[in-house]
Amino acid sequence: MAGLPMALLDGINGLEDLKRLPREQLPELCEEIRHRLVDVVSRTGGHIGASLGVVELATAVAVVFDSPRDKVVWDVGHQAYTWKLLTGRNDRLDTLRQQGGISGFLRRDESPHDHFGAGHAGTALSAAVGMAVARDLKGEHHDVVAIVGDGAMTCGLSYEGMNNAGHSNRDLIIILNDNGMSIAPNVGAMSRYLANVATNPLYNRVRDELKHLTQRVDAMVGHGVQEFARRAEESLKNLVLPGVLFQEMGVRYFGPVDGHDVRGLVDALEKIRQLKGPRLLHVLTQKGKGFPLPADVEKFHSRAPYDPSTGELKAAGGGPPQWTRVFGEAVTALAAEHPELVVITAAMPTGTGTSIFQSRYPERFFDVGIAEGHATTFAAGLATQGLRPVVAIYSTFLQRAYDNIIHDVAIQKLPVIFCLDRAGMVGDDGQTHMGLYDLAYLLAVPGMTIAAPRDAAELIGLLRCALARTEGPFAIRYPRDKTPADPPPVSSVPAVPYGTWETLRRGRDVALLAVGAMCAPAVEAAEALKADGLDATVVNCRFVKPVDRKALDALLREHHLLVTIEDGVVTNGFGAYLAALVEGLTPAPSARVVAHGAPDRTYEHAPRGKQLEAAGLTAGAIAARVRALVAAHAALSP
Ligand SMILES: Cc1ncc(C[n+]2csc(CCOP(=O)(O)OP(=O)(O)O)c2C)c(N)n1
C-alpha cells in the first residue's frame, strides 16, 4: 500500500487547500486518507481503530470550521490522526509516535490547530466550556467545538462539563462520536441509551411521517401551519426521542446522523453552526472502518505495527510474558482460593489483563466504564461488605481517583487492592500516559501499603500477601514490559512476608535500594562498579511503604551512603520518603540517603528504553551517578 498515489491528499498542505476542494471530491479524499492511515500506522503502531472511525467526521469538521480561529477540542486525541493530516502534518505523519516525531495525541506545542492537549478521556467538554466562556468575556466571535466519544460519556467529568454547558447557555457545539465502543464494547446505562437513540424505530417513523405531513400542509396553507407542525414534532420528540436526556440538560440534540457520509456531515454541521446556544450532534460511526482485519474491533483500537494488507501483527514477540498477563493469570488463579475476590476495571479489560479473569468469572468481574473515581469508591463499598476488590487501573489513570483513594478507602481503612499497570516509563504513548507519579501520590496516603515486584513470581507473592491482609489499601505497581522470566505456577508461590525487603547482593561501600523493575539495572550497575573497586550492596525494596525497618537499620549501620533507585518522579518519591524518615531517627545515623529517580520534568514519546535512558535509569547511568556520589562523599569525609 506504501507509495499509492494520493491524487487529492498530496495536494492538501493545510486547511486552505482542503476548503478549495469541490465537495463532491470529499468522499474520494476520505478514501485516500483511510489508505494513508492504514499504511502509516502499519509501521508506527498507534490508535488506528479510533482514527479510522472518524475520517469523515474529522474531514467535515476541518471543512466547515475555521481552525485555528474556531476552536476544535478532541477528547482523548487518540482518534485525531486525520485532523493532524489535514492541518499541515501529512508530511510528518510517518514520524507518528516515534522519538523526535509527532505525538500520537494532540498537543498545543505541536500545532496551532491542536487547541487542547489530552490523552486521558473526558476532558473535552470542560475545556470547551472554558474556551466558550473566555471567548464571550473577551468579546470575540468564533465557534467552539468539542468532539467526544461514547466511551468518554461514561466519564463523570463529561457530565460535569455538559451540566455547566447547558446551564451557562453559551454557544458551544458538541459532537458525540458514537461507535458503540470504548476500547472494549462500551458499558453502562448511557451506552444502552445511545444505542436506543440510534435504533429507535418509533422515533424514526414518527419523524418521517411528520416531515411528510408538514410538507403537504405547508404546500396547501402556508408557513404558519408548518411552524405549528414543527412545534408538534418538538413535543412529540420529547415524548419518544431518545435525545431528550441532552435536551433536559439544556443542550439541543440533533441526530443521529451517518458518520461516514462526509457530505451529509458537512451539511449537518453547516446548519448547526448557524444556531446558537449549546447543541449536540449525534454522529454514528464504525470503529476501525476500512481496517483490513474487521473481526476483532477491540484488538485494533490501538495496534502495534502490522501488515497493512491483512492487519496481522508483524512481530509475535517471544520470551517471557508481559506483566499484564502475569497479573491477569495470577488474579484468576487466586480467585479459586478466595471466593470473596472480585475484580474491577475502568474500561480496560484487555489492557489490564483482567479479561482473563472476566472469561473465567464473569459474575465477579465489573467493568465500570472510564470512571476511575467511581471504580475506587465502588470498590470501597464492596469492601465494606466483606468482599475483596482488586482494582486494576493503569498508574496514569489512577491519578483520577486520588480523592476517592484517600476519602473513601484509606480513611476507612478498607482492604482494597490496587494493581497499577504501566507504572514507570510508558513508551510511545508519551507524556500524558506516564506512570511516574504513583509512588509520589500514594506515599502520602495514610495507611497505604505500596509494593513493587522485581519479577513475575514476586508479583504473585505480593498478591497473596495483599489478600492475606484485612485492613487498609494495598497497591502493587509494575511496568509496561515483559517480566524478567516466566512465572512459576501460582500454587507454588508463597506470600511475600509483609513489609520485608530482600538483599540481592552484599557489599560494604555503598547500598543501592532499588524499587521493582529497577532491581535488575541496580544489580547490573553494582557489577559494573566492581571494576572501580566499589563494592555495592543491592536491596530489593519490594515494599516502598512501609519500609523494612530492620533491614534499613542494618543498612544504616553498615554503609555511609544509601542510594535509592526508583522509576518514578524523584520529587516526593521513595528516596525523599526514606531520607525524611532517616533524618528523623535518633540518634541521627551518619549515613546519607540520596534519591535517584526520574528528574522532575515531562518525558517525550519514545521507546521505553530510551525514556529510561533520558531519565538516567539505565544500569550505566545508575553506576555513573553512584560513582560520582561516592567520590563526592569521600571528598567530604574527614
Ligand atoms: C481517564 C482515562 N481512562 C482510560 C483511558 C484509556 N482509553 C483511551 S481511549 C478509551 C476509549 C475511549 O472511547 P471513546 O471515547 O468512545 O472513543 P473511541 O476510541 O471509541 O473513538 C479508553 C478507555 C483514558 N484515555 N483516559
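Residues numbered from 1 in each chain as written. Predicted model: local features only at pLDDT ≥ 70, side-chain atom pairs only at ≥ 80, totals over all residues. Heavy atoms only, no water.

## Quick notes on the overall build of the chain
Here is step 1: The helix and strand inventory of the chain stands at 24 helices and 17 strands.
Here is step 2: At 28 Å, the chain has a C-alpha radius of gyration in line with the 26 Å of a compact globule built from 638 residues.
Here is step 3: Each of the three principal axes of the chain carries a C-alpha extent, and together these read 100 × 55 × 50 Å.
Here is step 4: Per-residue burial for the chain yields a buried fraction of 56% across its 638 residues.
Here is step 5: Here the chain has roughly 25500 Å² of accessible surface; of this, 55% comes from carbon and sulfur atoms. (Helix = DSSP H or I, 4+ residues; strand = E, 2+ residues; numbered from the N terminus. Rg over C-alpha atoms; globule rule 2.2 N^0.38 Å. Buried < 20%, exposed > 50% of the residue type's maximum accessible area, 1.4 Å probe, protein only. Areas by Shrake-Rupley, 256 points an atom, 1.4 Å probe, with all protein chains shown as cover.)

## Overview of the site of the ligand
Here is step 1: The local shell around the ligand holds 22 residues, among which H78, A121, G151, K287 and E372 are the closest.
Here is step 2: One of the side-chain N or O atoms of K287 is found 2.8 Å from an oxygen atom in the ligand.
Here is step 3: Side-chain polar atom of E372 to a nitrogen atom of the ligand: 2.6 Å apart, as the coordinates give it.
Here is step 4: Among the residues forming the shell around the ligand, the class breakdown is nine nonpolar, nine polar and four charged. (Near = heavy atom within 4 Å. Polar contact = N/O pair within 3.5 Å; in protein donor to acceptor, adjacent residues only side chain to side chain. Nonpolar A, V, L, I, M, F, W, Y, C, P; charged D, E, K, R; others polar.)

## A closer look at helix α13 (residues 323-337)
Here is step 1: Between its terminal C-alpha atoms α13 stretches 21 Å, which fits the 21 Å expected from 15 residues at 1.5 Å a residue.
Here is step 2: Summarising the contacts, the buried residues of α13 are in contact with β6 (341-345), α14 (355-360), β8 (388-392), β9 (417-420) and α19 (456-468). (Expected span 1.5 Å × (residues − 1). Contact = heavy atoms within 4.5 Å.)

## Focus on unusual backbone geometry
Here is step 1: Cis rather than trans, the peptide bond between S67 and P68 has omega equal to 10°.
Here is step 2: Residue position: P68 is located in the loop between α4 (55-64) and β1 (71-74).
Here is step 3: The peptide bond linking K545 to P546 adopts the cis configuration, its omega dihedral lying at 0°.
Here is step 4: Relative to the assigned elements, P546 resides in the loop between β15 (543-545) and α21 (549-558).
Here is step 5: Phi at R97 is positive, roughly 65°, even though this residue is not glycine.
Here is step 6: For R97, the position within the fold is in the loop between α5 (81-89) and α6 (124-137).
Here is step 7: Classification of R97 as buried rests on a relative accessible area of 6%.

## A short note on the pattern of salt bridges
Here is step 1: Overall, the coordinates contain 41 salt bridges when judged by the stated rule.
Here is step 2: Note that E337 is salt-bridged to R464, the shortest N-O span being 2.7 Å. With E337 in helix α13 and R464 in helix α19, this pair connects stretches of sequence that are 127 residues apart.
Here is step 3: On the basis of relative accessibility, which here comes to 15%, the residue R464 falls in the buried class. (Salt bridge = Lys/Arg side-chain N within 4 Å of Asp/Glu carboxyl O.)

## Some thoughts on empty space enclosed by the protein
Here is step 1: Counted under the stated rule, the structure contains three cavities of 30 Å³ or more.
Here is step 2: The computed volume of the largest cavity comes to approximately 50 Å³.
Here is step 3: If you go around the largest cavity, the residues you meet are S103, F105, L106, R107, A118, D429, G430, Q431, T432 and H605.
Here is step 4: When its residues are assigned to classes, the lining of the largest cavity shows three nonpolar, five polar and two charged.
Here is step 5: Counting only domains with at least three residues in the lining of the largest cavity, you end up with domain 1 (9-194 + 251-284) and domain 3 (323-492).
Here is step 6: Considered as a void within the structure, the second largest cavity measures approximately 40 Å³ in volume.
Here is step 7: For the second largest cavity, the full set of lining residues is A423, A452, P453, R477, Y478, P479, G516, A517 and D567.
Here is step 8: Tallied by class, residues from the lining of the second largest cavity come to six nonpolar, one polar and two charged.
Here is step 9: In terms of domain composition, the lining of the second largest cavity takes at least three residues from each of domain 3 (323-492) and domain 4 (502-636). (1 Å grid on protein atoms, 1.4 Å probe; cavity = no way out; pocket = protein on both sides within 12 Å on 5 of 7 lines; lining within 4 Å. Points joined across faces, edges and corners; volume = space filled by probe spheres on them. Domains from an automatic or database assignment.)

## Brief notes about the side chain of R135
Here is step 1: Within the fold, R135 resides in helix α6.
Here is step 2: Side-chain polar atoms of R135 contact the side chain of D136, separated by 2.8 Å.

## Quick look at the sheet that holds strand β14 (residues 536-540)
Strand pairing in a sheet relies on backbone hydrogen bonds. The paired strands run either parallel or antiparallel.
Here is step 1: In space, the five strands of this open sheet follow the order β12-β14-β13-β16-β17, with mixed pairing throughout. The sheet is open, and its two edges are formed by β12 (502-505) and β17 (592-598), each paired on a single side. Across the sheet, the mean angle separating the axes of adjacent strands is 25° when strand polarity is ignored.
Here is step 2: Two strands pair when backbone bridges link them, and β12 and β14 are joined in this way by three bridges, in the antiparallel orientation. Each residue of the ladder has a partner; that of T503, found in β14, is V539.
Here is step 3: Strands in contact with helix α20 (residues 519-530) are β12, β13 (510-514), β14 and β16 (561-569); relative to β14, the strand with the most contacts, it is inclined by about 175°.
Here is step 4: Against the sheet, α21 touches β13, β14 and β16, its axis set at about 130° to β16. (Pairing = 2+ DSSP bridges. Axes fitted to C-alpha atoms, helices over the stretch in contact; angles between N-to-C directions.)

## Describing the pairing of β14
Here is step 1: The buried fraction of β14 is high, at five of five residues.
Here is step 2: Of the two faces of β14, the one carrying A536, V538 and N540 and the one carrying T537 and V539 are both buried.
Here is step 3: Here β13 runs beside β14; their pairing, made up of five bridges, is parallel. Looking at the pairing, L513 lines up with V539 of β14.

## Some details on the packing of aromatic side chains
Here is step 1: Scanning the model with the defined rule gives 13 aromatic pairs in all.
Here is step 2: For the ring pair W323 and Y478, a centre distance of 6.1 Å and an interplane angle of 20° mean the geometry is stacked. Of this pair, W323 sits in helix α13 while Y478 sits in the loop between β11 (474-477) and β12, placing them 155 residues apart in sequence.
Here is step 3: Assessed through its relative accessible area of 1%, Y478 is described here as buried.
Here is step 4: Each member of the aromatic cluster is reached from another via a ring pair, and the members are W323, F327 and Y478.
Here is step 5: A cation over a ring is seen here: R360 above Y361, with NZ or CZ 4.6 Å from the ring centre. (Phe/Tyr/Trp six-rings, centres within 6.5 Å; stacked < 30°, edge-to-face > 60°. Lys NZ or Arg CZ within 6 Å of the ring centre and 35° of its normal.)

## A short note on the pairing of β6
Here is step 1: In terms of burial, β6 is largely enclosed, as five of its five residues are buried.
Here is step 2: With burial as the criterion, each face of β6 is covered, one bearing L341, V343 and T345 and the other bearing V342 and I344.
Here is step 3: Here β6 pairs with β8 via five bridges, running parallel. Residue pairing across strands places V343 opposite V390, the latter belonging to β8.
Here is step 4: Of the pairings in the sheet, the one linking β6 to strand β7 (residues 365-367) comprises three bridges and is parallel in character. Each bridged residue has a counterpart across the sheet, and for V343 the counterpart in β7 is F365.
Here is step 5: Traced from β6 through α14 to β7, the parallel crossover comes out right-handed. (Right-handed = clockwise from strand over helix to strand, strands pointing away.)

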